[in-house]
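# Notes for the structure review
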Protein chains: 2
Amino acid sequence: MDNWQHRNRPNRLERRFDFDSYGLTRDFLDQLGELSEASGIFPDISFGKTYVNITLRPESEEEGADLTSKDYKFASDIDGLFN
Amino acid sequence: MDNWQHRNRPNRLERRFDFDSYGLTRDFLDQLGELSEASGIFPDISFGKTYVNITLRPESEEEGADLTSKDYKFASDIDGLFN
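Residues numbered from 1 in each chain as written. Chains lettered and ligands numbered in written order. Predicted model: local features only at pLDDT ≥ 70, side-chain atom pairs only at ≥ 80, totals over all residues. Heavy atoms only, no water.

Attention now goes to the pairing of strand E4 (residues 51-56) of chain A. Of all six residues in E4 of chain A, five are buried, a share of seventy percent or more. Between strand E3 (residues 44-48) of chain A and the antiparallel strand that follows it, E4 of chain A, lie two residues. (Buried < 20%, exposed > 50% of the residue type's maximum accessible area, 1.4 Å probe, protein only. Helix = DSSP H or I, 4+ residues; strand = E, 2+ residues; numbered from the N terminus. Pairing = 2+ DSSP bridges.)

Dropping the structure here:
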């Protein structure tokens, strides 16, 4: 989890992943999509030809809502896809 | 092309697409990926569970660079995926 940046207001986790080709970027996005469907967590994702930025936000939109252990597990699973 | 917003500094085209489900969002992203590979145009894309935002920028990063007919054709092809 050291590779993720924890930011506040709202609480969120962010990480950027870089790839050597568009094919590798798409492979990663495909696996990430499967992880989302399995976990029910759908982060905000932005990407271009060779990068993917992921932002994980609390499920609740209430002010001060925090990420849960489920979110941290999801972030860790994403790291696993990349390694 | 009426659905795209043309913005300046830098010149770019933007459009948001909304979907009824994550499955439809992913189907659209898959088709968009094939279109990118076929055309060699890789826009900046951000998406969540049921939306996709696309930003098309000029290939050249020079100040004042403008979009080309190839970019407008690509935007029109994206509209075709959605309709």
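Moving on, there is more to tell.
The two copies are related by a screw motion: chain B maps onto chain A through a turn of 180° and a shift of 0.0 Å along the axis, at an RMSD of 0.0 Å. The superposition of one copy onto the other is thereby described by a two-fold rotation axis. In terms of C-alpha distance to the rotation axis, chain B has Ser-46 of chain B as its closest residue, with the C-alpha 1.9 Å off the axis. Taken as a fraction of all interface residues of chain B, those also at the interface in chain A reach 100%, which identifies the copy contact as same-surface. (Least-squares fit on C-alpha atoms with pLDDT ≥ 70 in both. Contact = heavy atoms within 4.5 Å.)

Residues and elements named next belong to chain A. Residue Pro-10 is reached from Arg-9 by a cis peptide bond, and omega for that bond is -5°. Following the sequence through the fold, Pro-10 ends up in the loop between strand E1 (5-7) and strand E2 (12-18). Of note in the backbone geometry, Arg-9 takes a positive phi value of approximately 50° without being a glycine. Here Arg-9 lies in the loop between E1 and E2. Classification of Arg-9 by relative accessible area gives exposed; the value is 81%.

A few words now on the interface of chain B and chain A. A common way to report how large an interface is uses the accessible area buried once the components associate. If you look at the interface, chain B gives 17 residues, while chain A gives 17 residues. The largest per-residue losses of area from chain B upon contact with chain A belong to Arg-26, Phe-42 and Phe-47 of chain B, which jointly make up 38% of the total buried on that side. Applying the counting criterion to the chain B and chain A interface returns two salt bridges. With a shortest N-O distance of 3.1 Å, Arg-26 of chain A and Glu-37 of chain B are connected by a salt bridge. Our enumeration of links across chain B and chain A arrives at 10 residue pairs in polar contact (both at pLDDT 80 or more). Looking at the side of chain B that touches chain A, the elements with two or more residues in it are helix H1 (22-39) and strand E3 (44-47) of chain B. Among the elements that make up the side of chain B that touches chain A, the one with the highest residue count is H1 of chain B (eight residues). (Buried area = accessible area lost by both parts, 1.4 Å probe. Salt bridge = Lys/Arg side-chain N within 4 Å of Asp/Glu carboxyl O. Polar contact = N/O pair within 3.5 Å; in protein donor to acceptor, adjacent residues only side chain to side chain.)

Residue and element names in this part refer to chain B. Running from N to C, H1 and helix H2 (residues 69-82) point in directions that differ by 150°, and their axes come no closer than 10 Å. Judged by the inter-axis angle, H1 sits roughly antiparallel to H2. Of the two possible hands of crossing, H1 and H2 adopt the one that is right-handed. Contacts between H1 and H2 pair Phe-28, Gln-31, Leu-32, Leu-35, Ser-36 and Ser-39 from the former with Lys-70, Phe-74, Asp-77, Ile-78, Leu-81 and Phe-82 from the latter. Its residues assigned to classes, the contact of H1 with H2 shows seven nonpolar, three polar and two charged. (Axes fitted to C-alpha atoms, helices over the stretch in contact; angles between N-to-C directions. Parallel < 35°, antiparallel > 145°, perpendicular 65-115°, else oblique. Left-handed = near helix turned anticlockwise from the far one by under 90°. Nonpolar A, V, L, I, M, F, W, Y, C, P; charged D, E, K, R; others polar.)

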